[in-house]
Amino acid sequence: MTCRSVILKVRAFIVLAGFALLSAQAIALEAPEGPVLLVVSGKVGHPNVGNEAHFDKAMLETLEQHETITRTPWYDGAVRFSGPLGRAILEAAGAEGVNTRVVALNEYAATIPVSDFENYDVILAMQANGKALRIRDQGPLFVIYPFDEHPELLNEEIFSRSVWQVMRIEVE
Ligand SMILES: Nc1nc2c(c(=O)[nH]1)N[C@H]1C(S)=C(S)[C@@H](COP(=O)(O)O)O[C@H]1N2
Ligand SMILES: [Mo]
């Protein structure tokens, strides 16, 4: 092998390694900078803190957002909820599981099948009628199903999955 061909091979290797790094970065999750609102743990392929995916407010706001206008058992009349789609959070975390265990500040927890996030535009609402949900308003994150759009969701099982004050999602 000539010296020149070795140099060309080394160059090609460096270019390929560069592309591999770039594409790994495209799926990797940046580190949170602000206070962490949500931790996704368990079967998580894109961890950013230890083996968990931590999200601050800005990170949640960069995920695909969705607006759901619906009546619920918890508010009078229809409310306009907005926040990231549950499936966008799972995707960003690289979640690879069948079920999620959604845990609230008060340790209340419910199992939500991943299929719910795929079949319905379930959001983790951060705002109601344009106002940030504070902890005292069931925030900072409230699992909201599109009840008005899908009346079949109006049942006790789905109500029990409507976790407010969400702080952790365990992927199982
Ligand atoms: N954080 C939190 N979310 C929760 C609960 C809870 O205790 N804490 N209860 C769940 C259950 S079992 C139901 S049926 C619905 C409705 O609760 P409510 O009837 O007390 O309003 O909220 C769900 N979300
Ligand atoms: Mo319930």
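This one's a predicted model, so the numbers in the text were calculated from it and none came from an experiment.

K.L.:
What should I look at first to understand the domain arrangement of the chain in this one?
P.N.:
In many analyses, interface size is given as the accessible surface area lost on bringing the parts together. Under the domain assignment used here, the chain contains domain 1 (1–30) and domain 2 (31–171). A separation of 39 Å is found between the C-alpha centroids of domain 1 and domain 2.

K.L.:
How should I be thinking about the pairing of strand 11 (residues 166–171) in this particular structure?
P.N.:
One face of the sheet, then the other: side chains in a regular strand alternate in exactly this way. In the sheet, strand 1 (residues 36–42) pairs with strand 11 via four bridges, with the strands oriented parallel. Residue pairing for strand 11: valine 39 is matched across the bridge by arginine 168. Two elements, strand 5 (residues 99–104) and strand 11, share five bridges in a ladder whose sense is antiparallel. Looking at the pairing, alanine 104 lines up with valine 166 of strand 11.

K.L.:
Would you mind showing me how to read the sheet that holds strand 4 (residues 79–84) here?
P.N.:
Sheet strands associate in pairs through backbone hydrogen bonding, adopting either a parallel or an antiparallel arrangement. The four strands are arranged 3-4-8-9 in an open sheet whose pairing can be described as antiparallel. The open sheet terminates on both sides in strands that have one partner only, identified here as strand 3 (65–70) and strand 9 (131–132). Taken together, the two bridges between strand 8 (residues 127–128) and strand 9 define a ladder with antiparallel strand orientation. Counterpart to alanine 128 in the pairing with strand 9 is lysine 131.

K.L.:
So what exactly am I meant to see when it comes to the site of ligand 1 here?
P.N.:
What surrounds ligand 1 is the set Trp74, Ala104, Asn106, Tyr108, Glu156, Phe159, Ser160, Ser162, Val163 and Trp164. At a separation of 3.1 Å, an oxygen atom of ligand 1 approaches a polar side-chain atom of tryptophan 74. Asparagine 106 has a polar side-chain atom sitting 3.4 Å from a nitrogen atom of ligand 1. Protein burial of ligand 1: of its 520 Å² of free accessible surface, 65% is covered by the chains. When residues of the shell around ligand 1 are assigned to their parent elements, the largest contribution, three residues, is made by helix 5 (residues 156–161).

The rules we used
- Residues numbered from 1 in each chain as written.
- Chains lettered and ligands numbered in written order.
- Predicted model: local features only at pLDDT ≥ 70, side-chain atom pairs only at ≥ 80, totals over all residues.
- Heavy atoms only, no water.
- Domains from an automatic or database assignment.
- Pairing = 2+ DSSP bridges.
- Helix = DSSP H or I, 4+ residues; strand = E, 2+ residues; numbered from the N terminus.
- Near = heavy atom within 4 Å.
- Polar contact = N/O pair within 3.5 Å; in protein donor to acceptor, adjacent residues only side chain to side chain.
- Areas by Shrake-Rupley, 256 points an atom, 1.4 Å probe, with all protein chains shown as cover.

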